[in-house]
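Report on the structure
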Amino acid sequence: MEIDEKDIDILKTIADEETRSPDHISETTDIPLSTVNYRVKQLREAGVIRNDHYDIDLAALGFEITFVIQIFADYDEDHSDLGQRLAEIDGITQVYFTAGETDYLVIAQLTGPEMVEDLINTLERIDGVGRTISTYTISTLYDGHEPLQQISRETLYNQLLE
């Protein structure tokens, strides 16, 4: 799919305004509502927009602990199998296969010490997990849950438009 300025303006508004409302996007960008609807449909079909989700504040639900875990693998199998098993663990919200000394970086959202202990015990029992280094976060300074919030419109124009 070829991206143009209107597509970038729509995507940037979705991220910056944290909205899924075509009416709000149209009002913010001055792009006609019919065009917004058409472009969003095209962006969905191209896979650029993946879903229509409502953001949920996990901390407000009681999942106040963000736990960051480095995993050093000890395996002879395909890395994607271990990564999939990590992704299936209760509380783990993100799994990254990485380059460098750490094999995986895992982010978990947990409710308290019992859930932390359960997660660590579960990780210790998984074949292929050699060792872990866990970091208990004290506070969240920034949570860029909308990927385009930290990329300026100018950068998007420069990088995506020909």
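Residues numbered from 1 in each chain as written. Predicted model: local features only at pLDDT ≥ 70, side-chain atom pairs only at ≥ 80, totals over all residues. Heavy atoms only, no water.

So, about the pairing of strand E1 (residues 65–73). Judged from the seven bridges that link them, E1 and strand E3 (residues 104–110) form a sheet pairing that is antiparallel. Within E3, the position partnered with Phe-67 by the bridge is Ala-108. As paired strands, E1 and strand E4 (residues 129–136) are joined by seven bridges and run antiparallel to one another. Looking across to E4, one finds that Ala-73 is bridged to Val-129. (Pairing = 2+ DSSP bridges. Helix = DSSP H or I, 4+ residues; strand = E, 2+ residues; numbered from the N terminus.)

Time to look at a nonpolar patch on the surface. On the surface, a nonpolar cluster with roughly 300 Å² of combined accessible area is contributed by Ile-56, Leu-58 and Leu-61. As for its placement among the helices and strands, Ile-56 is situated in the loop between helix H3 (33–45) and E1. (Patch = residues over 30% accessible without salt bridge, like charges linked within 9 Å, V, L, I, M, F, W, Y side chains within 5 Å. Areas by Shrake-Rupley, 256 points an atom, 1.4 Å probe, with all protein chains shown as cover. Salt bridge = Lys/Arg side-chain N within 4 Å of Asp/Glu carboxyl O.)

Strand order across the open sheet formed by four strands is E2-E3-E1-E4, with antiparallel pairing between neighbours. Strands at the two margins of the open sheet, each flanked by one partner only, are strand E2 (92–97) and E4. Averaged over all pairs of adjacent strands, the angle between strand axes in this sheet comes to 20 degrees, irrespective of strand direction. Of the pairings in the sheet, the one linking E2 to E3 comprises five bridges and is antiparallel in character. The residue bridging Val-95 from the neighbouring strand is Val-106, located in E3. (Axes fitted to C-alpha atoms, helices over the stretch in contact; angles between N-to-C directions.)

This next bit is on the packing of aromatic side chains. Per the stated rule, a full pass over the model turns up two aromatic pairs. For the cation-ring pair, Arg-131 lies above Phe-72, with the distance from its terminal atom to the ring centre recorded as 4.0 Å. (Phe/Tyr/Trp six-rings, centres within 6.5 Å; stacked < 30°, edge-to-face > 60°. Lys NZ or Arg CZ within 6 Å of the ring centre and 35° of its normal.)

What follows covers the packing of helix H2 (residues 22–29) against H3. At a minimum axis separation of 9 Å, H2 and H3 run at an interaxial angle of 115 degrees. In terms of crossing hand, the pair formed by H2 and H3 is right-handed. Across from Pro-22, Asp-23, Ile-25 and Ser-26 in H2, the residues of H3 making contact are Leu-33, Val-36 and Asn-37. Among the residues forming the contact of H2 with H3, the class breakdown is four nonpolar, two polar and one charged. (Left-handed = near helix turned anticlockwise from the far one by under 90°. Contact = heavy atoms within 4.5 Å. Nonpolar A, V, L, I, M, F, W, Y, C, P; charged D, E, K, R; others polar.)

What follows concerns a negative patch on the surface. A surface patch of like charges, here negative, comprises Glu-17, Glu-18, Asp-55, Asp-57 and Asp-143. By secondary structure assignment, the location of Asp-55 is in the loop between H3 and E1. Of the residues examined, Asp-55 reaches a relative accessible area of 40% and is grouped as partly exposed. (Lys, Arg positive; Asp, Glu negative; His and termini not counted. Charge placed at Lys NZ, Arg CZ, Asp CG, Glu CD. Buried < 20%, exposed > 50% of the residue type's maximum accessible area, 1.4 Å probe, protein only.)

Secondary-structure assignment places Gln-109 in strand E3. When its relative accessible area of 15% is taken as the criterion, Gln-109 is described as buried. A distance of 2.9 Å separates the side chain of Gln-109 from the side chain of Thr-66, its partner in a polar contact. The contact partners of Gln-109, leaving out residues within four places of it in the chain, are Leu-58, Phe-63, Ile-65, Thr-66, Gly-91, Thr-93 and Met-115. (Polar contact = N/O pair within 3.5 Å; in protein donor to acceptor, adjacent residues only side chain to side chain.)

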